[in-house]
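Examination of the molecular architecture
Here are the chains, one letter per residue:
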Amino acid sequence: MKTSHRMAGAALAVLTTAALTSCGSGSGAGSGPAADGSVTLKFLVDNSMGTTATAKALTDAFMRANPTIKIETETRPGGSEGDNIVKTRLSTGDMSDVFWYNSGSLLQALNPAQTMVDLTGDPVLAGVQQDYLPVVSQDGKAYGVPAGTLTGGGILYNRKIYERLKLKIPKTWAEFMANNDTIKAAGITPVIGTFKDSWTSQLFVLGDFFNVRAAVPAFARDYTANKVKFAGTPAARAGFEHLAEVHAKGYLNEGFGSATNDQGVKMLAEGKGAHYAMLSSALPPVIATLPQAATDVGFFGIPGPDASRNGATVWEPAAVYIAKTSENVAAAKKFLAFVASPPAAEAVTAAVPPTGPYRIKGAELPEDAIQAAKDLQAYVDEGATAPALEFVSPVKGPSLEQITVAVGSGLTPPAEGAAQYDKDVDKQAKQLGLAGW
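Described in the following lines is the structure provided in the data block. Since we're looking at a predicted model, the values are computed, not measured. Think of each chain on its own: its residues are numbered from 1, step by step along the sequence as written. The model is predicted, so local features are restricted to residues of pLDDT at least 70 and side-chain atom pairs to those at 80 or more, both for listing and for counting; the totals for chains, interfaces and linings are taken over all residues. Working from all heavy atoms in the structure, the side-chain values ignore hydrogens and water.

**As for the packing of helix 17 (residues 400-408) against helix 18 (residues 414-431)**
Think of each axis as a best-fit line through the C-alpha atoms, taken over the contacting stretch in the case of a helix, with angles from 0 to 180 degrees between the N-to-C directions. In this text, helices come from DSSP runs of H or I with a minimum length of four residues, and strands from runs of E with a minimum of two, each type numbered from the N-terminal end. Relative orientation of the contacting elements helix 17 and helix 18 amounts to 175°, with a least axis distance of 10 Å. Looking at the two axes, helix 17 sits roughly antiparallel to helix 18. Facing helix 17, whose interface residues are Leu-400, Ile-403 and Val-407, helix 18 presents Pro-414, Gly-417, Gln-420, Tyr-421 and Asp-424. Grouping the constituent residues of the contact of helix 17 with helix 18 by class yields 5 nonpolar, 2 polar and 1 charged. Should an angle fall under 35 degrees it is taken as roughly parallel, and over 145 as roughly antiparallel, whereas 65 to 115 is taken as roughly perpendicular and any remaining angle as oblique. Every residue pair with non-hydrogen atoms within 4.5 Å of one another is taken to be in contact. In this count, Pro and Cys sit with the nonpolar residues alongside Ala, Val, Leu, Ile, Met, Phe, Trp and Tyr, while Asp, Glu, Lys and Arg are called charged and the others, Gly among them, polar.

This is the structure:
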């Protein structure tokens, strides 16, 4: 994974494969209404199984309610390869009518004003929570609707271990480390590392942004303007230091360098490890084979230095957008309005257990939601969340996961890792033409 946006897709990649109507990857938007008034929309999504299962639930429910509109879903790879496909198809005018893509910083690189239908002020957005709109907007214009739920980025923990050892949810980093000491003394792995899937190494850094913002409220703005750096900002550097400290204390599982995300979630659900710095979206894919993950695994935000300012970092949902080249904009808007409605949320919930709250007005978590989603809802209800940095700044570097693997393996000192990442973002910021770089 080259960007943390793709972590949610990667974490969901083990869901049961959904059967989707698939068109050839080179097909573009439809050719307008047929003689009988029916319309066929083409819908491009990434091929992670969580996304395809969600897309199938949305399209099936929509077509049942709108029999004159057919949606044909096609898939593309995830990661940077998928990014390039989306960019190429938009730039060549070969994009499907509607497409699923990230919100936040990755959207900014797609030149939405030139490539997407502007939805600002459109009834399509009536069901979208206002807090979500900035992450699908550029220059004050909104282009997408949320295609899933909030995802928490922090610590997944085994609740039974906590109960057995009489541990409390830590509100500070010192309390978290004390819990790890107790867990290690009990003969249980305190912290699970899965660095073979290198994207998973980033959570101690990326999931710490709530604490960065609490300490330095203007960090995202000043970071975007090249006025502050990770290495020179103690609160931002702390994520690298935490990653290094967990390794130095011997808290990680044996073989953390060759372990996979799937193995890490299994370790956690089975109680062989107590903590896993991860996204809440890692849990629904394994519930079919590890049903205890729904109830035995909880979530808390990465603790910072101040118990009075405790919260969690969240990843906003991806979005569905309409290509400006579509000849079926009216039908596409009808689909997007459905996606941003409680019935759509209900359809998705029935197919994919939600990993957190929806960003749709009136959509609520079911009573049988997984515990981690309920835990995240509590942070939302308390107003104690912050979006990950990538949702409030377009500046991000492609090599963070390699840097965090090295820091988390004890190969690179944390201060050096932070400095390396500061250099990593420089090229991309210049490519974006940002002022101050």
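**Focus on helix 2 (residues 49-65)**
Along an α-helix, a turn takes 3.6 residues, which lines up residues three or four apart on a common side. With 17 residues, helix 2 ought to run about 24 Å at 1.5 Å a step, and its terminal C-alpha atoms sit 24 Å apart, in line with that. Those residues of helix 2 lying buried are Gly-50, Thr-51, Thr-52, Ala-53, Thr-54, Ala-55, Ala-57, Leu-58, Thr-59, Ala-61 and Phe-62. Lining the buried residues of helix 2 we find strand 1 (39-46), strand 2 (69-76), strand 3 (98-101), helix 14 (329-339) and helix 15 (342-351). Every helix has an expected span of 1.5 Å times one less than the residues it contains. Three exposure classes are used, based on accessible area relative to the maximum for each residue type with a 1.4 Å probe and protein chains only: buried under 20%, partly exposed in between, and exposed over 50%.

**A closer look at the pairing of strand 9 (residues 273-279)**
The buried fraction of strand 9 amounts to 7 of the 7 residues, a majority that puts the element mostly inside the structure. Strand pairing requires that DSSP identify at least two bridges connecting the strands. Both strand 7 (residues 151-158) and strand 9 contribute to a ladder of 5 bridges, which runs antiparallel. Counterpart to Gly-153 in the pairing with strand 9 is Leu-279. Bridge analysis of strand 8 (residues 189-192) against strand 9 gives 3 bridges, and the strand direction is parallel. Across the sheet, Thr-189 pairs through a bridge with Gly-273, a residue of strand 9.

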